[in-house]
Amino acid sequence: MSCKLAIEDLNLYYGDFHALKSIHMEIQPNEITAFIGPSGCGKSTLLKSLNRMNDLVEGCRITGAVKLDGEDIYHGMDVNLLRKRIGMVFQKPNPFPMSVYDNIAYGPRTHGIRSKAKLDDIVERSLRNAAIWDELKDRLKKSALGLSGGQQQRLCIARALAVEPEVLLMDEPTSALDPISTSKIEDLAVELKKDYTIVMVTHNMQQAARISDKTAFFLLGEVIEYGETESLFSMPKDKRTEDYITGRFG
Amino acid sequence: MTMERTCKPVAAETINKLTFKDKMRAYKRSPLSLILLLLVCGAALITMLTLLYLIVYILVKGIPYITPDLFSFTYTSDNVSLMPALISTVVMTIIALVIALPLGIGAAIYSVEYAKRGNKLVQLVRITTETLSGIPSIVYGLFGYLCFVTALHWGYSLLAGAFTVAIMILPLIMRTTEEALISVPDSFREGSFGLGAGRLRTVFHIVLPSAVPGILSGVILAIGRVVGESAALMYTAGSVAQMPGQAGGGLFDSVRTLSVHMYVLSSEGLHIDKTYATAVVLLVIVIGINALSSFVAKKITKKQG
Amino acid sequence: MKWSNIKELLMHILFFLTACVSIFAVVLICVFLFANGIPAIGKIGVFKFLLGTKWKPGNDIYGILPMILGSLYVTAGAIIIGVPIGLLTAVFLAKFCPKGLYKILKPATELMAGVPSVVYGFFGLVVLVPLVQNIFGVAGNTMLTASVLLGIMILPTIIGVSESAIRAVPDSYYEGSLALGASHERSVFFATLPAARSGILAGVVLGIGRAIGETMAVVMVAGNKPRMPQGLLDGVRTMTANIVMEMGYATDLHREALIATAVVLFVFILMINVTFSLLRRKDRA
């Protein structure tokens with residue numbers, strides 16, 4: 001199987017602080033890859049390097065390469081097109097302060113789709129794919145800020161799907177949600193991996209064990225262990241991984 | 001692994017900075033973004049060029065006419081000296097501050113240190129100060145005319161003008177003092193109360209001293225307001241170009257401040273060169289006040305930071 | 001009672017009284033204006049005063065409709081010129097400006113707010129008036145001149161309030177938009193700005209208040225003809241100008257009519273203030 005995303009010798013610095021140390025990783029298509037590790041270990045930072053959101057951070061310096069289908073995303077690729085191909089869902093649901101419809105249509109409009117019929121179609125399809133169409137079809141014109149936290153997060157997933165990405169990055173997408181909403185998002189993620197490649201940062205080890213195919217364990221900016229989720233959780237190769245998943249620290 | 005971490009060389013090429021070429025290509029793909037960028041930069045340019053043009057124009061036209069007789073102590077119709085107006089402005093500012101400072105600081109102390117949360121009076125005070133800060137200066141001028149000049153029989157006088165502008169700067173002083181008091185950490189107060197000090201002692205020995213820089217920046221802004229004011233003073237302080245008290249009436253003599261002086265000169269249109277020169281003096285004062293206020297503001301942030 | 005307790009109590013009362021001063025001041029202003037202005041409106045007749053199209057103090061005819069319209073037109077002109085430029089400048093300062101440049105530009109906008117009205121007025125008189133005169137071949141004291149000058153004068157207000165409104169918008173909107181592949185410019189304009197809407201609107205309302213209340217600068221460039229506004233390139237007199245121009249020599253009913261003009265202006269300002277604080281409250285909620 002050819003890999004979707006290849007991370008090659010990636011180093012990242014915030015000023016003098018060496019936040020990611022020589023990361024090598026290959027992420028397979030149509031799988032859920034989970035990043036786990038204690039806070040501040042660099043897992044979110046690595047995620048944000050995959051769609052170049054770290055470009056915004058002042059004093060942030062990256063070396064190495066990230067390749068999407070073999071294309072170097074840091075050389076010669078239009079950032080905006082890259083972010084269209086690699087969508088992102090944030091830790092805190094961040095719907096725009098506009099209607100549900102306009103939230104979903106925001107991305108397609110950005111990329112030049114004007115036709116009302118086409119937009120209607122995209123909105124419905126995205127909401128269906130995010131398994132939230134039935135809940136929201138009657139309130140498309142209502143403000144998205146009136147939705148519950150879980151609905152907002154699924155709306156944000158639908159919003160990301162509306163620009164037809166290839167990869168979906170999820171940065172602790174359930175950490176601000178209640179257990180019921182969390183399980184809905186998890187089911188959704190499993191459903192979505194048929195069509196998308198999903199990379200998910202999570203604090204919750206059970207979540208990683210439940211839904212991911214591959215897991216990477218991070219500590220102090222390094223990948224300690226990366227492999228099949230099942231074997232990583234059942235027979236960790238590294239002592240530090242074992243300590244973490246058995247709850248001895250973190 | 002630990003070895004590698006400590007001696008990893010930082011040599012490889014930084015890859016996460018957009019090059020000019022990258023940006024141009026993105027704009028080519030999305031012309032709207034380029035248009036928005038140009039609009040935003042254009043507007044900022046217009047704003048700044050307007051200000052720059054105003055300042056440079058007045059400086060260039062006015063500086064050659066700044067001569068010693070502009071600062072002569074007597075004003076005559078031949079030599080429209082600005083010295084009487086300058087000194088009147090200083091006196092006016094000082095009196096207005098003497099009136100407004102205790103009132104403004106006292107009111108701020110009451111609403112921050114004494115009143116309970118959600119106090120109805122404090123809410124009313126807040127609404128009225130907001131109203132006061134929105135009232136145009138000509139309305140203040142008319143009020144001062146009706147109240148101080150006519151009803152109290154002070155006549156056109158320095159004092160009537162000073163009272164009028166004192167009310168104008170009151171909301172400004174109250175607001176800045178309130179903000180300064182609020183930013184004093186509660187731990188200071190608790191510490192003082194914990195040592196058995198009363199509320200009054202706490203306010204005067206602990207809270208107020210820490211709030212001084214904030215209050216000072218408010219005072220500087222207030223000085224700027226008074227120096228720039230003209231509409232509120234035309235019909236309260238009048239427009240007689242003389243030293244304060246020169247006619248023997250003390251504070252009840254009519255005077256003109258620098259801004260009113262400038263207005264009178266430019267509407268007479270007889271001494272256009274001197275008008276430019278007066279504008280220069282006014283501008284320099286205002287720039288000086290602004291520089292001072294941002295200097296003080298920087299001091300505050302440094303202290304907090 | 002101990003002396004220290006008495007002192008505490010006395011000072012408490014004193015602070016309380018100083019807090020009441022601003023209430024007292026507003027009441028005093030209202031009483032003096034209304035007591036002197038309302039009777040005049042009664043004598044002239046409400047409709048004759050507010051809707052009368054002629055202002056001829058010599059014949060005891062006092063209609064201030066020309067001045068009301070003058071104020072509204074000039075203010076509208078100032079808004080049309082000042083809001084787009086001010087808002088875009090605020091966007092530049094908040095989202096586009098490099099840090100080093102910001103350290104120069106921010107104090108510059110503050111300086112702009114500090115420049116006295118008379119200096120703006122004089123600048124208008126010696127620069128804008130001749131400019132309008134040369135371009136359009138008319139006397140330069142026109143509604144257009146006044147609008148442009150006021151548009152410049154309200155810039156710092158619009159910029160200041162809008163910039164803080166834009167900065168108050170959470171970054172998550174902007175980042176959410178970027179993550180969908182929108183450019184920096186698109187994200188700022190279509191995700192951040194709509195979220196700052198009511199704050200920006202509050203700035204515009206505040207700008208309207210500044211423009212409608214501005215006096216000296218307008219007097220110096222607007223031409224001040226007390227008749228119905230005839231168009232952009234004709235002179236116009238605002239309510240504020242009406243007061244300043246004639247207060248110096250007016251007596252009796254004429255004087256009272258001027259005070260009544262101030263009453264009308266005051267009511268306008270009160271409405272604007274209420275709108276502003278409502279908008280700001282909505283922004284905080």
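Residues numbered from 1 in each chain as written. Chains lettered and ligands numbered in written order. Predicted model: local features only at pLDDT ≥ 70, side-chain atom pairs only at ≥ 80, totals over all residues. Heavy atoms only, no water.

Caption draft 1: Highlighting the overall build of chain C. Each helix and strand in chain C was counted, giving twelve helices and two strands. Counted from the first residue to the last, chain C has its helices and strands arranged as α-α-β-β-α-α-α-α-α-α-α-α-α-α. Along the three orthogonal principal directions, the C-alpha set of chain C runs to about 80 × 70 × 30 Å. Looking at chain C as a whole, 58% of its 285 residues qualify as buried. Considering only contacts in chain C between residues 6 or more positions apart, those separated by 24 or more positions represent 73%. Put simply, chain C shows about 11,500 Å² of open surface, and 68% of that area lies on carbon and sulfur atoms. (Helix = DSSP H or I, 4+ residues; strand = E, 2+ residues; numbered from the N terminus. Buried < 20%, exposed > 50% of the residue type's maximum accessible area, 1.4 Å probe, protein only. Contact = heavy atoms within 4.5 Å. Areas by Shrake-Rupley, 256 points an atom, 1.4 Å probe, with all protein chains shown as cover.)

Caption draft 2: Molecular detail of the domain arrangement of chain B. Residue and element names in this part refer to chain B. As far as domains go, chain B holds domain 1 (2–6 + 9–63) and domain 2 (73–304). If you average the C-alpha positions of domain 1 and of domain 2, the two centres end up 39 Å apart. Facing the eight residues of domain 1 at the interface are five residues of domain 2. Between domain 1 and domain 2, a total of about 580 Å² is buried, with carbon and sulfur atoms accounting for 86% of that surface. Looking only at domain 1, the three residues that lose the most surface to domain 2 are I58, K61 and G62, adding up to 57% of its buried area. Counting across the domain 1 and domain 2 interface gives zero salt bridges. Applying the counting criterion to the domain 1 and domain 2 interface returns zero residue pairs in polar contact (both at pLDDT 80 or more). (Domains from an automatic or database assignment. Buried area = accessible area lost by both parts, 1.4 Å probe. Salt bridge = Lys/Arg side-chain N within 4 Å of Asp/Glu carboxyl O. Polar contact = N/O pair within 3.5 Å; in protein donor to acceptor, adjacent residues only side chain to side chain.)

Caption draft 3: The arrangement of the pattern of salt bridges in detail. Considering all chains together, one arrives at 34 salt bridges over all chains under this definition. The partner of K4 of chain A in a salt bridge is E166 of chain A, with the nearest N and O atoms 3.0 Å apart. Of the two residues, K4 of chain A is situated in the segment before β1 (5–14) and E166 of chain A in the loop between α6 (149–161) and β7 (167–171); the sequence distance between them amounts to 162 residues. Here K4 of chain A falls in the buried class, since its relative accessible area comes to 11%. Classification of E166 of chain A by relative accessible area gives partly exposed; the value is 24%. A salt bridge links E256 of chain C to K43 of chain C; its shortest N-O distance comes to 3.1 Å. Here K43 of chain C lies in helix α1 (residues 3–44) and E256 of chain C lies in helix α12 (residues 252–284), a separation of 213 residues in the sequence. The partly exposed category is assigned to E256 of chain C, whose relative accessible area is 21%. Taken together, the shared-partner salt bridges connect K4, D69, E71, R85 and E166 of chain A into one network.

Caption draft 4: Structural detail: the domain arrangement of chain C. Residue and element names in this part refer to chain C. According to the domain assignment, chain C contains domain 1 (3–50) and domain 2 (64–284). Here domain 1 and domain 2 have C-alpha centroids that lie 29 Å from each other. Taken together, the twelve residues of domain 1 in the interface contact 14 residues of domain 2. Regarding the contact of domain 1 and domain 2, the summed buried area is about 1,100 Å², with carbon and sulfur atoms giving 79% of it. The interface formed by domain 1 and domain 2 includes two residue pairs in polar contact (both at pLDDT 80 or more).

Caption draft 5: Structural view of unusual backbone geometry. Residues and elements named next belong to chain A. A positive phi angle, near 45 degrees, is found at D9, a position not held by glycine. Tracing the chain through its elements places D9 in strand β1. Overall, the relative accessible area of 31% leaves D9 in the partly exposed class. One non-glycine residue, E164, lies in the positive phi region at around 55 degrees. Here E164 shows up in the loop between α6 and β7.

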